[in-house]
Amino acid sequence: MSRFLQIVTVTEAVRTAVRIAPARATETVPPEESAGRVLATPVTADSDIPGFDRAIVDGYALRSSDTAGAGDSSPALVRCTGRIAMGAPGGVPGLQAGECAYLPTGGVLPQGADAAVMKEYTERAGDTILVKRPVFSGENILRHDEDFRKGETVFEEGRLLTPRDAGVLAACGCAAVRVAKKPVVGVISTGNELVPASARPGPGQVRDANAPMIAAWLSGYGCIPRLYGIVRDERESFEAAIAQAVPACDLVLLSGGSSKDDRDMTAAVIAGRGKVLVHGIAIAPGKPTIIGTIGATPIFGLPGHPASAFVVLLAVVRPLLDTMLGRKEPRLRTARAVLAENIPSQRGREEYVRVRVEDGIAYPLFGKSGLLNTLVRSDGLVCIPAGTEGLEKGSTVDVILW
Ligand code: AMP
Ligand code: MG
């Protein structure tokens, strides 16, 4: 009898993965450490931003009505009453009609003024400023609540914060921001044939590509990968690695040893210590995938081939991490492209084909499974849904960019 459970659709596998995701834990970080983290609460402006009317040019604050009809040959004449210092609005009294004050970019608009004129449109003659063009009320001014109004939502919960956001957080008075804790993810490679990258492979041996690839992807996705090395295809080695990883991690990813082969132990070991929920997904590449739990810890058996493992990471592990992180905008970067060739596909499974994209054309890279070079030469994946028999040359596709 086949040891595969019923093969499930990608949708069902994702549903299972999301269901077993551990609850989100949170912590606070300063804005400068927030980029790449997922916001765990909404952020609202604690006050009006910028908080005062300010100039957006270097020039003179004045009453716009004093500049009506001004031009090169008929400049408006206004009297300069002083200079406004940055961060110190007190120095200049309120402006009366016919008066102006020098105001640098970002300086506080004085009482009585409703606009600023750029220095470039003025000329100075002693205390008199010649204004050579009219300004309208509000020109070159940022209103006190024009950026954000007090109480306004600046960022929604679940946002993946960017370096730009770090600046906005600080400007909004958010000196400590609550974000999802980085999940600790155990990474285990399995296979008698595997040696580490530092070793020269002997006959029949290959270097472990999966652990560095999976760990690197996890780091980029806001997780802390923890590598448990290479495990031999022996029950005791599996048991020992899993016993070590499960209590120390929020999620454990094994690769290799997930298919039907008698030596393939992942499913048996998970079943012995916990539950196997999925064994086999209607996805290509990536069918021999296991999803299970040991205690409350989700554990995956990913396929051995690096490209297959990567596809399952994107298609099934990623939604679990999004749930763990509370990430509301799972941003897959995609690009529209036109297919250069037909891509045949088997109905009933979701297929991911590597493609190279050039000038809006997607070139499928068909190749034997197990090739690493297509990972290098491709720009991303085209997904052929389970219900179709392939995609036709000339059709427009969304390429999931690596
Ligand atoms: P398995 O799922 O263990 O039967 O492995 C399928 C294929 O993937 C075999 O050719 C393995 O040598 C290869 N493989 C498994 N694990 C890794 C790994 N960590 N790095 C590179 N290749 C691997
Ligand atoms: Mg193996």
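All of the points below concern the structure found in this document. The structure presented is a predicted model; accordingly, all values stated were derived computationally and were not measured. (Residues numbered from 1 in each chain as written. Chains lettered and ligands numbered in written order. Predicted model: local features only at pLDDT ≥ 70, side-chain atom pairs only at ≥ 80, totals over all residues. Heavy atoms only, no water.)

### Section: the environment of R207
1) Next: Inspection of the secondary structure puts R207 in strand β15 (residues 206-207).
2) Next: Note: C-alpha distance between R207 and A197 (10 residues apart in sequence) is 5.4 Å.
3) Next: Once you skip the residues sitting within four places of it in the chain, R207 turns out to touch L194, V195, P196, A197, A199, R200 and P201.
4) Next: In this structure the side chain of R207 is engaged in a polar contact, spanning 2.8 Å, whose partner is the backbone oxygen of A199. (Helix = DSSP H or I, 4+ residues; strand = E, 2+ residues; numbered from the N terminus. Contact = heavy atoms within 4.5 Å. Polar contact = N/O pair within 3.5 Å; in protein donor to acceptor, adjacent residues only side chain to side chain.)

### Some thoughts on the sheet that holds strand β8 (residues 122-125)
The strands that make up a sheet are held in pairs by hydrogen bonds between backbone atoms, and each pair lies either parallel or antiparallel.
1) Next: If you walk across this open sheet you meet the six strands as β7-β4-β6-β5-β9-β8, and the pairing is mixed. Two strands in the sheet have a free side with no partner beyond their single neighbour: β7 (115-118) and β8. Each strand axis lies, on average, 40° off the axis of its neighbour in the sheet, ignoring direction.
2) Next: Note: strand β5 (residues 76-83) against strand β9 (residues 128-131), four bridges, orientation antiparallel. Bridge assignment links R79 to a residue of β9, and that residue is T128. (Pairing = 2+ DSSP bridges. Axes fitted to C-alpha atoms, helices over the stretch in contact; angles between N-to-C directions.)

### Notes on the packing of helix α1 (residues 10-19) against helix α6 (residues 306-325)
1) Next: Relative orientation of the contacting elements α1 and α6 amounts to 30°, with a least axis distance of 8 Å. The crossing of α1 and α6 is right-handed. When α1 is examined against α6, the residues A13, V14, A17 and V18 are found in contact with a partner set consisting of A315, V316, P319, L320 and T323.
2) Next: Among the residues forming the contact of α1 with α6, the class breakdown is eight nonpolar, one polar and no charged. (Left-handed = near helix turned anticlockwise from the far one by under 90°. Nonpolar A, V, L, I, M, F, W, Y, C, P; charged D, E, K, R; others polar.)

### Describing the site of ligand 1
1) Next: Near ligand 1, the surroundings consist of 13 residues, among which E193, D208, A209, G257 and G304 are the closest.
2) Next: Backbone polar atom of A209 to a nitrogen atom of ligand 1: 2.9 Å apart, as the coordinates give it.
3) Next: In the environment of ligand 1, an oxygen atom lies 2.7 Å from a nitrogen or oxygen atom belonging to the backbone of G257.
4) Next: Bound to the protein, ligand 1 loses 77% of the 490 Å² it would expose on its own. (Near = heavy atom within 4 Å. Areas by Shrake-Rupley, 256 points an atom, 1.4 Å probe, with all protein chains shown as cover.)

### What about the nonpolar core?
1) Next: With 43 residues, the main nonpolar core has L253, F300 and L321 as its most contacted residues.
2) Next: For this core, the secondary-structure elements that each account for two or more residues are α1, β13 (184-190), α3 (210-220), β17 (251-255), β21 (297-302) and α6.
3) Next: A total of 13 residues in this core trace back to one element, the largest contributor, which is α6.
4) Next: Setting aside anything within four residues of it in sequence, one finds F300 in contact with A17, L251, V252, L253, L254, I290, I291, V316, V317 and L320.
5) Next: One finds V184, F238, A245 and L254 within the second-largest nonpolar core, a separate group that totals 19 residues. (Core = buried A, V, L, I, M, F, W, Y, C linked by side-chain atoms within 4.5 Å. Buried < 20%, exposed > 50% of the residue type's maximum accessible area, 1.4 Å probe, protein only.)

### Digging into the sheet that holds strand β16 (residues 224-231)
1) Next: Ordered in space as β16-β13-β17-β21-β20-β18, the six strands form an open sheet in which the pairing is mixed. Strands at the two margins of the open sheet, each flanked by one partner only, are β16 and β18 (275-279). For this sheet, the mean inter-axis angle between neighbouring strands, taken without regard to orientation, is 20°.
2) Next: Bridging between β13 and β16 involves six bridges; their strand directions are parallel.

### Remarks on the pairing of β8
1) Next: Bridge count between β8 and β9: four bridges; the pairing is antiparallel. Each residue of the ladder has a partner; that of E123, found in β9, is L130.
2) Next: Hairpin geometry of β8 and β9 is characterised by an intervening segment of two residues between the two adjacent antiparallel strands and by a positive phi of about 65° at G126.

### Side note on unusual backbone geometry
1) Next: For the bond from I49 to P50, the omega torsion is 10°, close enough to zero to count as cis.
2) Next: Along the polypeptide, P50 turns up in the loop between β2 (43-44) and β3 (54-55).
3) Next: With an omega of -5°, the peptide bond between A284 and P285 qualifies as cis.
4) Next: For P285, the location among the structural elements is in the loop between β19 (283-284) and β20 (290-294).
5) Next: In the Ramachandran plot, N140 falls in the positive-phi region, its phi being about 65° despite a non-glycine side chain.
6) Next: Look at D359: it is not a glycine, yet its phi comes out positive at around 45°.

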